[in-house]
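So the chains spell out like this:
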Amino acid sequence: MSPAGWHGIVARRWVVVGVVALIGAAFSGAPLVVGVAADPLDGSPSRTRDATGSALLDAVYERLVDFDTDGEPIPALATSWEWVAPDRWEIVLRRDVRFTNGEAFDAETVRRNLDLQRRDFRSPARTWLQTIVTVEVLDDHTVAIVTDGPQPELPHALAWAGRMAPTVYGFDGSEYAERLLRAPVGTGPFRVTAWERGRSMHLEANPDWWGPPPAARTIDVRVLPDGADRVAAFLAGAVDMVTDLGVDERAVLAAAGAPLVPLPGQRLVYLVMDTHRARGGAAPDGSPGIPAGAPNPLVDARVRVALYRAIDRDALVRDALGGAAVPAWQPMLPGSQAHHPGLEAAPHDPSAARSALAAAGYPDGFAVTVTGLVGTIPRALETLAFVVESLRSVGIDARLETPPYAEAARRYGLLEVTLGMVSWGGLTSPLKAWTAMAGSDPDAGTYGSQNVGRYSNRAVNALLAHLRTEPDPDRRRAAFLELAEVFLEEMPVIPLYLPTDAVALGTSWSLSPTNLDALPLRDVRPAGH
């Protein structure tokens, strides 16, 4: 099966080009100056957990697989892959690739890197690579990856994990390993030539990179932790590009004439509902957000659909989030193989919501407590307040409680929440995302890792089981579309929005991304080129 046979998510990225006239003109050979919130915690290919640092390292290190701008897995250090057996993938590697220290990239490089990273408890990549049992070297440029059962989304996992480093790299504290933490060595389009931790990083184009040469031959990265400082530096012409822009920073730039265009992310913020407990009361037997002894309305799909129709997502994004998000009507990203383009979003319709409540036996609404988990989702309090007011507008007596974060997290962890809000960032692997949010094993009494409401549907579980073993792209697509149809009828969770990032880029530069890197430095070029 060719790489094109594996359908991924779409998370289209729009980038600010031609921004503020205050930015000075770039000249041929001038460095691209980038202002970021933070540099990497270290130069490790797999241990960096912060988003900004990780994005910078993507200019130096490469993975076997990449995502194109439509979210499809495409070749990077691997040129092709095939699912040859339920528990086995064979991957052909790119030839004539070298690290910037001169070492050749080959099958042994892949085996060593994946073996190390899937076992390193300090590596975030371990989550994506846990299903790998062993990596076999078939020849210098071919490996076989054996998994613990069918893993149809392994190419997606390899697009997020498994940055490749020279084979002398290790987690054993060796001298070179420690040097690598201070000075990354990869196969990517750039190499690090200077790095002053917490202050600056200097990148130069890798003359031996296998891909087309980056137009920006040198990049000066300046660490500006304060968002206001990044905005001021951009408007003063001290930097050509700024990242990590929050809602407030975007508002300042927009007021100054910078037409910011959002970069949709790959995280969904959504409401979870207790669909399991029949009546209200103290947990664990009762649903704590429903009055004791009263029926739990949220077990009825008609009520859940009513909540869905009660919320004006466009107004939510505009008023509570300052435009720093994209409204979401389905749980998967638009353009994803798991998103159903033929199902139109049910519009905000308070009248339809009231009718649905009446049909379910709640013409006068019902009382419910919304438990806020405030501290991990930007503007969570504003979003929750908007949701509560939306529910009140259709006759639901919704009340918001915001316990201290540790207490709220404990309740969510113990599934002691009737109605709440969480986020999930695994949308790049649709099967994994669906399983986490709506999967269950009713016989074993277990639920997906993000299935806080303990939703269970045998049709959904059957479709997920089919997707775990089905290699045919067309049949996989059909199964995902069926899941989307079930979702709109059942509403196991209520999608709200997809948070967005933003990048501001001066008029002297342009950017047309060719992949889904959070900071696609290799695609930045002087304007007009």
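Here we summarise the structure given alongside this text.

What counts and what doesn't
- Residues numbered from 1 in each chain as written.
- Predicted model: local features only at pLDDT ≥ 70, side-chain atom pairs only at ≥ 80, totals over all residues.
- Heavy atoms only, no water.
- Helix = DSSP H or I, 4+ residues; strand = E, 2+ residues; numbered from the N terminus.
- Phe/Tyr/Trp six-rings, centres within 6.5 Å; stacked < 30°, edge-to-face > 60°.
- Buried < 20%, exposed > 50% of the residue type's maximum accessible area, 1.4 Å probe, protein only.
- Lys NZ or Arg CZ within 6 Å of the ring centre and 35° of its normal.
- 1 Å grid on protein atoms, 1.4 Å probe; cavity = no way out; pocket = protein on both sides within 12 Å on 5 of 7 lines; lining within 4 Å.
- Points joined across faces, edges and corners; volume = space filled by probe spheres on them.
- Nonpolar A, V, L, I, M, F, W, Y, C, P; charged D, E, K, R; others polar.
- Axes fitted to C-alpha atoms, helices over the stretch in contact; angles between N-to-C directions.
- Parallel < 35°, antiparallel > 145°, perpendicular 65-115°, else oblique.
- Left-handed = near helix turned anticlockwise from the far one by under 90°.
- Contact = heavy atoms within 4.5 Å.
- Pairing = 2+ DSSP bridges.
- Patch = residues over 30% accessible without salt bridge, like charges linked within 9 Å, V, L, I, M, F, W, Y side chains within 5 Å.
- Areas by Shrake-Rupley, 256 points an atom, 1.4 Å probe, with all protein chains shown as cover.
- Salt bridge = Lys/Arg side-chain N within 4 Å of Asp/Glu carboxyl O.
- Lys, Arg positive; Asp, Glu negative; His and termini not counted.
- Polar contact = N/O pair within 3.5 Å; in protein donor to acceptor, adjacent residues only side chain to side chain.

**A word on unusual backbone geometry**
- A cis geometry characterises the amide bond from Ala-283 onward to Pro-284, with omega recorded as 10°.
- Mapped onto the fold, Pro-284 is located in the loop between strand 13 (268–273) and helix 8 (301–310).
- Not every positive phi belongs to a glycine, and Asp-244 is a case in point at roughly 55°.
- Residue placement: Asp-244 occurs in the loop between strand 11 (241–242) and helix 7 (247–255).

**Regarding the packing of aromatic side chains**
- With the rule as written, the count across this model stands at six aromatic pairs.
- Measuring from ring centre to ring centre gives 5.2 Å for Trp-209 and Trp-210, while their planes differ by 50°; the resulting arrangement is tilted.
- Seen in terms of ring centroids, Trp-434 and Phe-487 are 6.2 Å apart; in terms of plane orientation they differ by 75°. Their pairing is edge-to-face. Remark: Phe-487 occurs in helix 15 (residues 473–490) and Trp-434 occurs in helix 13 (residues 430–438); sequence separation between them is 53 residues. Here Trp-434 matches Phe-487 in class, with each residue buried.
- One cation-aromatic arrangement involves Arg-197 over Trp-195; the distance from NZ or CZ to the ring centre is 4.0 Å.
- Over the aromatic face of Tyr-308 sits the side chain of Arg-313, whose NZ or CZ is 4.5 Å from the ring centroid.

**Some points on the layout of surface pockets**
- Of the volumes computed, that of the second largest pocket is approximately 480 Å³.
- Secondary-structure elements contributing two or more residues to the lining of the second largest pocket are helix 3 (125–129), helix 4 (154–160) and helix 13.
- Considering each element in turn, the lining of the second largest pocket owes the most residues, three residues, to helix 13.
- A class-by-class count of the residues in the lining of the second largest pocket yields six nonpolar, eight polar and four charged.

**Focus: the packing of helix 13 against helix 15**
- One way to put it is that helix 13 packs onto helix 15 with a least axis distance of 12 Å and a crossing angle of 30°. Classified by the interaxial angle, the pair formed by helix 13 and helix 15 is roughly parallel. Every pair of crossing elements has a handedness; the one defined by helix 13 and helix 15 is left-handed. Residues Pro-430, Leu-431 and Trp-434 of helix 13 form the contact with helix 15, whose participating residues are Arg-476, Phe-480, Leu-483, Ala-484 and Phe-487.
- Each residue belonging to the contact of helix 13 with helix 15 can be placed in one class, and the counts come to seven nonpolar, no polar and one charged.

**Describing the sheet that holds strand 21 (residues 504–505)**
- The strand order across the open sheet formed by six strands is 8-9-10-1-11-21, and the pairing between neighbours is mixed. Only two strands of the sheet have a single neighbouring strand rather than two, namely strand 8 (190–196) and strand 21.
- Bridge count for strand 8 against strand 9 (residues 200–205) is six bridges, and the pairing is antiparallel. For Val-192, the partnering residue across the bridge sits in strand 9 and is Leu-203.

**A closer look at a nonpolar patch on the surface**
- Taken together, Val-374, Leu-381 and Leu-400 make up a surface patch of nonpolar side chains, about 210 Å² in accessible area.
- Positionally, Leu-400 belongs in strand 16 (residues 397–401).
- A relative accessible area of 33% places Leu-400 in the partly exposed class.

**A word on the side chain of Glu-249**
- Note on placement: Glu-249 falls in helix 7.
- Buried and unpaired, Glu-249 has Arg-230 as its nearest opposite-charge partner, separated by 5.3 Å.
- At a separation of 2.7 Å, a polar atom in the side chain of Glu-249 contacts the main-chain amide nitrogen of Gly-246.
- Contacts of Glu-249, omitting those with residues within four sequence positions, involve Gly-227, Ala-228 and Val-231.

Geometry only, nothing functional implied.
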